Amino acid sequence: VTAPLNDLRNLVGADHLLTEPVDVIPYSFDGTAELNQRPMAVVLPGTTEEVAACVAWAREHRVPVVTRGSGTGLSGGSVPVPGGLVLGLTRLDRILEVDPNNLTLRAQPGVITKAIDDEAARHGLMYPPDPGSLKISTIGGNVAENSGGLRGLKYGVTRDYVMALQVVLADGQVARLGSACVKDVAGYSLKDLFIGSEGTLGVITEVLLKLVPRPEARKTLLATFPSMATAARAITAIIAARIIPCTLEFIDQTTLRCVEDYAKIGLPVDAAAVLLMETDGHPAAVADEAARMEAIARAEGADRVQVAADEAEGARLATARRQAFSALARLRPTTILEDVTVPRTRLAEMVAFVSETARRHRLQIATFGHMGDGNLHPTFLTDERDAEEMARVHLALSEIVDKTIALGGTVTGEHGVGLAKKAYLKRQYDPASYTLLRAVKRALDPEGLLNPGKIFDLEPTPP
Ligand SMILES: Cc1cc2nc3c(=O)[nH]c(=O)nc-3n(C[C@H](O)[C@H](O)[C@H](O)COP(=O)(O)OP(=O)(O)OC[C@H]3O[C@@H](n4cnc5c(N)ncnc54)[C@H](O)[C@@H]3O)c2cc1C
């Protein structure tokens, strides 16, 4: 290591610069299987000024910087790059202000997602985006990935709730993008460029979020179906009946059996597909929508519909979906969670293709996901130490990606491109838009030091 790390140590204090293997190893991977890389050092700044000084230091010494929240990412976004510095933001963990009159909340990037909604709840408000990782992921990571969640169908994704950002740019300057105004069309929407930019354009050091009134009532239903096709038909019928539930999730039989084994909820393990449906809003509207959804599910062939009597039972039923990933992760040493997304009406076809691909390649793939959004999580249960099986996994994955694109879908609906989807992005983008993507990176980070090699590779700039 030639870069003068002592400058960094003096900047943040000795406790906040980690260089020993035992200290940096926990920062060498995220939630993505097969990817890890030990960083040169990990710096944990405590203020925006310190973040800016770290970025300026990295630029001076030409050290790549990988920004990191909680490291729960599922595309390798916060996996270090060789010789790189990890910029960990977990010390920036304060909620700075709630403004119930303007319906906004201002926070530092290291605040845990659930803490944002908990704080909003104290004011009778709600922060809707609820990724499955909400108890551990940071709001900075959510903005950088434009994360979605279980309430996406009705409420949208993180981008829909970001009003303004404070960002440290590649040259160490601090920029404020967006505003607290509901309407703001002054210039390009620069903040939107940073939402979903996966740490490749700048470091988010503050967020101003939009809140909504907390719904007074919520009702949860769990329906079981004899086939994925009948479950899909029920969903189409619900939406055709002009009901937009806040949650419309499905789990397949493999996932169902794992969850039941893990959480002992009393789920009917013989069902081929389970739908978790939730409606929220005014109590009268909720009661009406729940009754109509139950009737539609039965009419479309549901074997059984359980309607939660109260919030506690609703939360118990929702556990089936919320714990899907943890339950599946127990089965085999390696869990690869994908997030291909297709237009809603093509979802049943996509699920059938995934099952058929699993059979053809002799692989175990469980599938669950956001049926209302067309976003599915084919989850490969495998073992990364078995090279022969991994070759089949990658082949199957590639076929699933091609099918997704053929159906008009996207290679990632939630988890971002990072390293894991980099090779697939080119298949989805046309040459003109792929060039545009890289032109944006060059304009904002001309030296290519912010999370280099993520999303795409840049050709070296001519000398
Ligand atoms: C069990 C489980 C369930 C999940 N469920 C969902 C889900 O339902 N929906 C969903 O969308 N995702 C989900 N994820 C993926 C993941 O939790 C999200 O992508 C989350 O937003 C990552 O937050 P993080 O703080 O862990 O970020 P990290 O993993 O640390 O970083 C993610 C990316 O953001 C960048 N980054 C982080 N902070 C900043 C910042 N302040 N400024 C600039 N760049 C930054 C990093 O460089 C990296 O590229 C799940 C993951 C797990 C493990």
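For the structure, check the block above.
In this report, the structure presented in the accompanying data block is examined. (Residues numbered from 1 in each chain as written. Predicted model: local features only at pLDDT ≥ 70, side-chain atom pairs only at ≥ 80, totals over all residues. Heavy atoms only, no water.)

Structural notes on the overall build of the protein
Of regular secondary structure, the protein possesses 16 helices and 18 strands. Relative to the compact-globule value of 23 Å for 463 residues, the protein shows a C-alpha radius of gyration of 22 Å, a close match. Oriented by its inertia axes, the alpha-carbon framework of the protein measures out at about 70 × 60 × 45 Å. A burial count over the protein gives 54% of its 463 residues as buried. (Helix = DSSP H or I, 4+ residues; strand = E, 2+ residues; numbered from the N terminus. Rg over C-alpha atoms; globule rule 2.2 N^0.38 Å. Buried < 20%, exposed > 50% of the residue type's maximum accessible area, 1.4 Å probe, protein only.)

Concerning the site of the ligand
Surveying the vicinity of the ligand reveals 33 residues, the closest of which are T67, G69, T72, S133 and T138. Within the contact set of the ligand, an oxygen atom lies 2.6 Å away from a side-chain nitrogen or oxygen of S133. Contact between the ligand and E198: an oxygen atom at 3.1 Å from a main-chain N or O atom of the residue. A total of 980 Å² of accessible area belongs to the ligand in isolation, and the protein chains cover 94% of it. Elements with a minimum of two residues in the shell around the ligand: β3 (65-68), α5 (139-145) and β10 (202-210). (Near = heavy atom within 4 Å. Polar contact = N/O pair within 3.5 Å; in protein donor to acceptor, adjacent residues only side chain to side chain. Areas by Shrake-Rupley, 256 points an atom, 1.4 Å probe, with all protein chains shown as cover.)

What about the sheet that holds strand β5 (residues 95-99)?
Across the sheet, five strands lie side by side as β5-β6-β10-β8-β9; this open sheet has antiparallel pairing. Both edges of this open sheet fall to β5 and β9 (174-178), since each of them pairs with a single strand only. On average, each strand axis in the sheet is inclined to that of its neighbour by 15°, with strand direction left out of account. Note: strand β8 (residues 162-169) against β9, five bridges, orientation antiparallel. In the sheet register, V168 faces β9, and the bridge partner there is V174. Along the sheet face, helix α3 (residues 48-61) touches β8, β9 and β10 and points at about 45° away from the line of β8. (Pairing = 2+ DSSP bridges. Axes fitted to C-alpha atoms, helices over the stretch in contact; angles between N-to-C directions. Contact = heavy atoms within 4.5 Å.)

Observations concerning the packing of helix α1 (residues 5-12) against α3
Running from N to C, α1 and α3 cross one another at 175°; their axes reach a closest spacing of 10 Å. In terms of orientation, α1 and α3 fall into the roughly antiparallel class. Only E50, A53, C54, W57 and H61 of α3 make contact with α1, whose side of the interface consists of L5, D7, L8, L11 and V12. Looking at the contact of α1 with α3 residue by residue, the class counts come to seven nonpolar, one polar and two charged. (Parallel < 35°, antiparallel > 145°, perpendicular 65-115°, else oblique. Nonpolar A, V, L, I, M, F, W, Y, C, P; charged D, E, K, R; others polar.)

Some points on the sheet that holds strand β4 (residues 85-88)
The strand order β1-β2-β4-β3 describes an open sheet built from four strands, whose pairing is mixed. Since the sheet does not close on itself, it has two edges, and those belong to β1 (17-18) and β3, each with one partner. Summarising the sheet, strand β2 (residues 41-43) and β4 pair through three bridges and their orientation is parallel. Paired with V43 across the two strands is L87, which belongs to β4. Here α3 sits on the sheet in contact with β2, β3 and β4, set at roughly 170° to β4.

Let's talk about a nonpolar patch on the surface
A contiguous nonpolar patch, built from Y188, L190 and L193 and spanning about 350 Å² of accessible area, is present on the exposed surface. Turning to its location among the elements, Y188 is positioned in the loop between β9 and α7 (190-194). The exposure class assigned to Y188 is exposed, which follows from its relative accessible area of 76%. (Patch = residues over 30% accessible without salt bridge, like charges linked within 9 Å, V, L, I, M, F, W, Y side chains within 5 Å. Salt bridge = Lys/Arg side-chain N within 4 Å of Asp/Glu carboxyl O.)

A short note on the environment of A320
Position of A320 relative to the elements: it lies in helix α11 (residues 311-322). With relative accessibility at 1%, the residue A320 sits in the buried group. Taking the C-alpha atoms as reference points, A320 and L275, separated by 45 residues in sequence, lie 10.0 Å from one another. Among residues more than four places away in sequence, those in contact with A320 are I251, V259, I265 and L267.

Quick word on the pairing of β10
With respect to burial, β10 is a largely interior element, eight of its nine residues being buried. When strand β6 (residues 104-107) meets β10, the two strands line up antiparallel, connected through four bridges. Counterpart to A107 in the pairing with β10 is V207.

Section: the packing of aromatic side chains
Scanning the model with the defined rule gives two aromatic pairs in all. Seen in terms of ring centroids, Y429 and Y434 are 6.4 Å apart; in terms of plane orientation they differ by 75°. Their pairing is edge-to-face. Judged by relative accessible area, Y429 falls into the partly exposed class, the value being 29%. Accessibility expressed as a relative area gives 11% for Y434, which makes it buried. (Phe/Tyr/Trp six-rings, centres within 6.5 Å; stacked < 30°, edge-to-face > 60°.)

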